[in-house]
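Chain by chain, the residues:
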Amino acid sequence: MRRLALALLFWSTCALVWPLVALAHDAPESKQSKWVMTDWMMDTFFMFAGIALVAFIVAWKLGHFHDLEKAARIPLMIHEEDYYTPEWAFDEEEWADGNA
């Protein structure tokens, strides 16, 4: 497990440091230089998306998303008094039938 954590830390650090290489020098003034920022942004987006995908898959395989339906039902079963709807709102026509 420690070896996996070290490898993940290493590759995450590499993924975060690698885009900084683009900032280490000035872009040449050419027709293609206007795409340097776009390339850097796209690379960064795909790297973070890849890291997020790997983290999601690892969490999924470890069982963190097990029985989400069961866990979601518990808060929905709690009945609380409605503190947010003002009294005058119940007097309007759309509330004439009762609570929404």
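This report concerns the structure included in the present document. (Residues numbered from 1 in each chain as written. Predicted model: local features only at pLDDT ≥ 70, side-chain atom pairs only at ≥ 80, totals over all residues. Heavy atoms only, no water.)

A closer look at the environment of Gly 50
Part 1 of the argument: Along the polypeptide, Gly 50 turns up in helix 2 (residues 36–61).
Part 2 of the argument: For Gly 50 and Ala 15, which are 35 residues apart along the polypeptide, the C-alpha to C-alpha distance reads 10.0 Å. (Helix = DSSP H or I, 4+ residues; strand = E, 2+ residues; numbered from the N terminus.)

Remarks on the packing of aromatic side chains
Part 1 of the argument: Inspection of the entire model under this criterion finds 4 aromatic pairs.
Part 2 of the argument: Plain terms: the ring middles of Phe 45 and Phe 46 are 5.3 Å apart, the flat faces sit at 65° to each other, and that makes the pair edge-to-face. Comparing Phe 45 with Phe 46, the two get one shared label, exposed.
Part 3 of the argument: Taking 6.0 Å as the distance between ring centres and 35° as the angle between the ring planes, the aromatic pair formed by Phe 56 and Trp 60 counts as tilted. You can see Phe 56 and its partner Trp 60 sitting in helix 2, 4 residues apart, about one turn around the helix.
Part 4 of the argument: Judged by its relative accessible area of 42%, Phe 56 is partly exposed.
Part 5 of the argument: Three or more aromatic residues link up through ring pairs in this structure, and these residues are Phe 56, Trp 60 and Phe 65. (Phe/Tyr/Trp six-rings, centres within 6.5 Å; stacked < 30°, edge-to-face > 60°. Buried < 20%, exposed > 50% of the residue type's maximum accessible area, 1.4 Å probe, protein only.)

Note that every value here comes from positions in space, so none of it alone points to a role or purpose.
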